[in-house]
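Residue-level listing of the chains:
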Amino acid sequence: MYVPIGIANCFELINEKYGHNILVRGRLSCCGQYSFHIKYLGDLKANIFGHYSIFHKHDDAVIMSAKCIKCGKIIRVFNSYTDGYDNCVDKSQPLISSKQLNDFSCPACFANCYSLEISYEYLSKEELEEDGIEQYENAFTWIWVSLRCVICEKIFKNLIDMETA
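Residues numbered from 1 in each chain as written. Predicted model: local features only at pLDDT ≥ 70, side-chain atom pairs only at ≥ 80, totals over all residues. Heavy atoms only, no water.

Caption draft 1: How the structure looks around the overall build of the protein. Regarding its fold elements, the protein presents two helices and 11 strands. When its helices and strands are written in sequence order, the protein yields β-β-β-β-β-β-β-α-β-β-α-β-β. Against the compact-globule benchmark of 15 Å for 165 residues, the protein has a radius of gyration of 16 Å, which places it among compact chains. Across its three principal directions, the C-alpha atoms of the protein cover 50 × 35 × 35 Å. Across the 165 residues in the protein, those meeting the buried criterion constitute 44%. Split by element, the accessible area of the protein, about 9,100 Å² in all, is 50% carbon and sulfur. Separation of charge centres in the protein, based on 16 positive and 21 negative side chains, amounts to 12 Å. (Helix = DSSP H or I, 4+ residues; strand = E, 2+ residues; numbered from the N terminus. Rg over C-alpha atoms; globule rule 2.2 N^0.38 Å. Buried < 20%, exposed > 50% of the residue type's maximum accessible area, 1.4 Å probe, protein only. Areas by Shrake-Rupley, 256 points an atom, 1.4 Å probe, with all protein chains shown as cover. Lys, Arg positive; Asp, Glu negative; His and termini not counted. Charge placed at Lys NZ, Arg CZ, Asp CG, Glu CD.)

Quick look at the structure:
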């Protein structure tokens, strides 16, 4: 399945679209539920229309993790230093950020409890293997992460919207 290996057991597939590229969309789950506390690293910005996005801050990474509200399991949703196509092609030692992650609090209700929808874009398995990639599941070329506040239902569409190739 076209889902990163580290997240596959917590990923519920919603749909897959096959064409020139493969698009996979699903939601994060743990303990039979979909609510998580979110932490992130990056530059959080809102545009004039209230759309929030997380960007690279200087030369640092964009990182997001989700902590299950039931069991406390921490799931690494995305780390731009280690995840995606470029990191599968470049076999050098991945960079590690030593910075502390921030809590993502809803600007509408100040809660930190979200459901997550994640979408990935992939080249075909054959193309990835031609590029010398052994674990095609980890070589996504684009990632989108959207959140929905469990308390007030505010949606943060494509909070992370990042090319990895």
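Caption draft 2: A look at the pattern of salt bridges. For the structure shown, the criterion picks out five salt bridges. Residue R25 pairs with E117 through a salt bridge whose shortest N-O separation is 3.3 Å. In this pair, R25 is assigned in strand 2 (residues 22-28) and E117 in strand 9 (residues 114-122), connecting sequence segments 92 residues apart. The salt bridge involving K39 is made with D103; its shortest N-O contact spans 2.9 Å. (Salt bridge = Lys/Arg side-chain N within 4 Å of Asp/Glu carboxyl O.)

Caption draft 3: Structural detail: the packing of aromatic side chains. Tallied over the entire structure, the rule returns 14 aromatic pairs. Ring centres 6.4 Å apart and planes at 70 degrees place the aromatic pair Y2 and Y18 in the edge-to-face group. On the criterion of sequence distance, the pair formed by Y2 in the segment before strand 1 (11-18) and Y18 in strand 1 is long-range, its members being 16 residues apart. The class for Y2 is buried, based on a relative accessible area of 10%. Grouping aromatic residues by their ring pairs yields a cluster made of Y2, F11, Y18, F78, Y120, Y122, Y136 and F140. The aromatic ring of Y34 is capped on one face by R27, whose charged end is 3.7 Å from the ring centroid. Taking the ring centre of F156 as reference, the NZ or CZ of K154 above it sits at 5.4 Å. (Phe/Tyr/Trp six-rings, centres within 6.5 Å; stacked < 30°, edge-to-face > 60°. Lys NZ or Arg CZ within 6 Å of the ring centre and 35° of its normal.)

Caption draft 4: The side chain of S65, seen in detail. For S65, the location among the structural elements is in strand 6 (residues 63-68). What makes S65 buried here is its relative accessible area of 11%. Contacts of S65, omitting those with residues within four sequence positions, involve H37, I38, K39, I74, I75, R76, V77 and L101. (Contact = heavy atoms within 4.5 Å.)

Caption draft 5: Broad picture of the environment of L101. With respect to the helices and strands, L101 occurs in the loop between helix 1 (85-89) and strand 8 (102-103). Counting along the chain gives 18 residues from L101 to S119, while the straight-line C-alpha distance between them is 22 Å. Excluding anything up to four places from it in sequence, L101 contacts K39, Y40, L41, I63 and S65.

Caption draft 6: A negative patch on the surface, seen in detail. Side chains of E126, E127, E129, E130 and D131 sit close together on the surface and give a patch of like negative charge. As for its placement among the helices and strands, E130 is situated in helix 2 (residues 125-130). (Patch = residues over 30% accessible without salt bridge, like charges linked within 9 Å, V, L, I, M, F, W, Y side chains within 5 Å.)

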